[in-house]
Amino acid sequence: MIRFFDILFSGIAIIILLPFMIPIMIGLKLTGEHDIFYKQTRIGKGGKPFGVMKFATMLRNSPNMAGGVLTQKDDPRILPMGKFLRKTKINELPQLLNIFIGQMSVIGPRPQAKAHYDLYSDEVKAAVDTVAPGLSGLGSVAFRDEEDMLNAVENRDVFHDTIIAPYKGALEVYFVNHRNLCTYFKLIWLTVLAVLKPSSKSWRKAFKGLPPVPAELEEYI
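Below, the structure is looked at part by part. Treat the numbers as computed from the prediction; the structure is a model and nothing was measured.

### Focus: the overall build of the protein
The helix and strand tally for the protein stands at 10 helices and 4 strands. What you see in the protein, going N to C, is helices and strands ordered as α-β-β-α-α-β-α-α-β-α-α-α-α-α. By the compact-globule yardstick of 17 Å for 221 residues, the protein fits well, its C-alpha radius of gyration being 17 Å. Expressed along its principal axes, the backbone C-alpha trace of the protein runs to roughly 50 × 45 × 35 Å. Within the span of the protein, comprising 221 residues, buried residues form 48% of the whole.

### Here's the deal with the pairing of strand 2 (residues 49-55)
Buried residues dominate strand 2, accounting for 6 of its 7 residues. Remark: 5 residues form the turn of the hairpin made by strand 1 (residues 37-43) and strand 2, two consecutive strands paired antiparallel; Gly-46 in that turn has positive phi of roughly 75°.

### Side note on the nonpolar core
Formed by 43 residues in total, the largest nonpolar core has its most connected members in Leu-138, Phe-143, Trp-203 and Leu-217. Ranked by residues supplied to this core, first place goes to helix 8 (residues 156-177) with 9 residues. Setting aside its immediate chain neighbours within four residues, Leu-217 contacts Phe-143, Met-149, Phe-159, Ile-163, Ile-164 and Tyr-167. Core analysis: the second largest hydrophobic core is formed by 8 residues, Met-25, Phe-55, Leu-85 and Leu-93 among them.

### Thoughts on the side chain of Glu-172
Tracing the backbone shows Glu-172 in helix 8. The side chain of Glu-172 sits in the buried core without any salt bridge; Lys-168 is the nearest counter-charge, 6.6 Å away.

### So, the packing of aromatic side chains
Within this structure, the stated rule accounts for 9 aromatic pairs. Here Phe-143 and Tyr-167 contribute two aromatic rings whose centre-to-centre distance is 6.4 Å and whose plane-to-plane angle is 65°, an arrangement assigned as edge-to-face. With a gap of 24 residues between them, Phe-143 in the loop between helix 6 (138-142) and helix 7 (146-151) and Tyr-167 in helix 8 connect regions that are remote in the sequence. Following the ring pairs from residue to residue traces out a cluster consisting of Phe-4, Phe-5, Phe-9, Tyr-184 and Phe-185. Here the basic side chain of Lys-168 rests over the ring of Phe-143, its NZ or CZ set 5.4 Å away from the ring centre.

### Observations concerning helix 1 (residues 2-30)
It helps to recall that an α-helix has 3.6 residues per turn; residues three or four apart then point in one direction. In helix 1, a bend of some 55° at Leu-18 exceeds every other bend along the element, and Pro-19, a proline, comes one to four places later. Along helix 1, the residues classified as buried are Ile-2, Phe-5, Asp-6, Ser-10, Gly-11, Ala-13, Met-21, Ile-24, Met-25, Gly-27 and Leu-28. Packing partners of the buried residues in helix 1 comprise strand 1, strand 2, helix 2 (82-87), helix 3 (95-100), strand 3 (105-107) and helix 9 (181-196). Gly-32 sits one or two residues past helix 1 and shows a positive phi near 55°.

### Description of unusual backbone geometry
Peptide bonds are mostly trans, and most non-glycine residues show a negative phi. Even without being glycine, His-34 reaches a positive phi, approximately 70°. Looking at the secondary structure, you find His-34 in the loop between helix 1 and strand 1. One non-glycine residue with positive phi stands out, namely Lys-89, at about 70°. Inspection of the secondary structure assignment puts Lys-89 in the loop between helix 2 and helix 3.

### Side note on the packing of helix 1 against helix 9
Where helix 1 meets helix 9, the closest approach of the two axes is 10 Å, and the angle between their N-to-C directions is 30°. In terms of orientation, helix 1 lies roughly parallel with respect to helix 9. As for how helix 1 packs across helix 9, the hand of that crossing is right-handed. Across the interface between the two elements, Ile-2, Phe-5, Asp-6 and Phe-9 from helix 1 touch Leu-181, Tyr-184, Phe-185 and Ile-188 from helix 9. Classifying every residue of the contact of helix 1 with helix 9 by side-chain character gives 7 nonpolar, no polar and 1 charged.

Rules used in this analysis
Residues numbered from 1 in each chain as written. Predicted model: local features only at pLDDT ≥ 70, side-chain atom pairs only at ≥ 80, totals over all residues. Heavy atoms only, no water. Helix = DSSP H or I, 4+ residues; strand = E, 2+ residues; numbered from the N terminus. Rg over C-alpha atoms; globule rule 2.2 N^0.38 Å. Buried < 20%, exposed > 50% of the residue type's maximum accessible area, 1.4 Å probe, protein only. Pairing = 2+ DSSP bridges. Core = buried A, V, L, I, M, F, W, Y, C linked by side-chain atoms within 4.5 Å. Contact = heavy atoms within 4.5 Å. Lys, Arg positive; Asp, Glu negative; His and termini not counted. Salt bridge = Lys/Arg side-chain N within 4 Å of Asp/Glu carboxyl O. Phe/Tyr/Trp six-rings, centres within 6.5 Å; stacked < 30°, edge-to-face > 60°. Lys NZ or Arg CZ within 6 Å of the ring centre and 35° of its normal. Bend = angle between axes of the 7 residues up to and from the residue. Axes fitted to C-alpha atoms, helices over the stretch in contact; angles between N-to-C directions. Parallel < 35°, antiparallel > 145°, perpendicular 65-115°, else oblique. Left-handed = near helix turned anticlockwise from the far one by under 90°. Nonpolar A, V, L, I, M, F, W, Y, C, P; charged D, E, K, R; others polar.

Structure, rendered in structure tokens:
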């Protein structure tokens with residue numbers, strides 16, 4: 001049933017948003033390195049890599065440049081339109097195609113780059129590997145402002161690897177264990193709410209028995 005709604009929602013969204021996305025595609029073609037889309041290798045269902053579609057917001061060789069897969073404040077690798085597209089999450093819209101063809105779901109664990117996937121424990125990997133990764137999800141809503149969060153700490157890499165990644169993994173396991181249509185639609189609503197009101201912490205009250213938030217994250221999420 002969830003797959004039915006994935007096809008329905010992604011198909012409708014592609015049709016409705018296409019007129020809005022065309023000017024973005026033209027703008028990207030005329031600026032930066034003239035790339036419109038960027039296919040980023042992420043880990044999907046079954047622990048298998050696949051290409052996540054995004055609007056191009058950074059230089060082509062960004063993962064191999066200083067900063068790696070984590071974006072920094074005022075990152076020089078970000079293209080002219082990139083900051084706006086990333087802040088508003090518009091850069092994620094091409095993933096509607098990933099959803100439509102079955103590589104992703106509207107709601108699910110966020111697909112991770114292999115370096116970040118490998119930070120997960122075996123328990124977390126075993127859970128997230130059983131479902132399709134999502135355009136949004138519990139981990140995505142909780143860490144919507146992850147870039148800003150990392151910009152606020154002294155050692156971003158250590159904070160990400162030792163604080164953010166373990167808790168994000170715990171949230172993804174919770175989602176997988178409670179995955180159903182009710183959770184699916186609730187997280188769609190929470191995603192919309194997070195976009196309209198980024199400071200909202202409604203996700204913390206929407207589900208019972210969530211893993212407790214680590215003290216180091218309390219001021220951020």
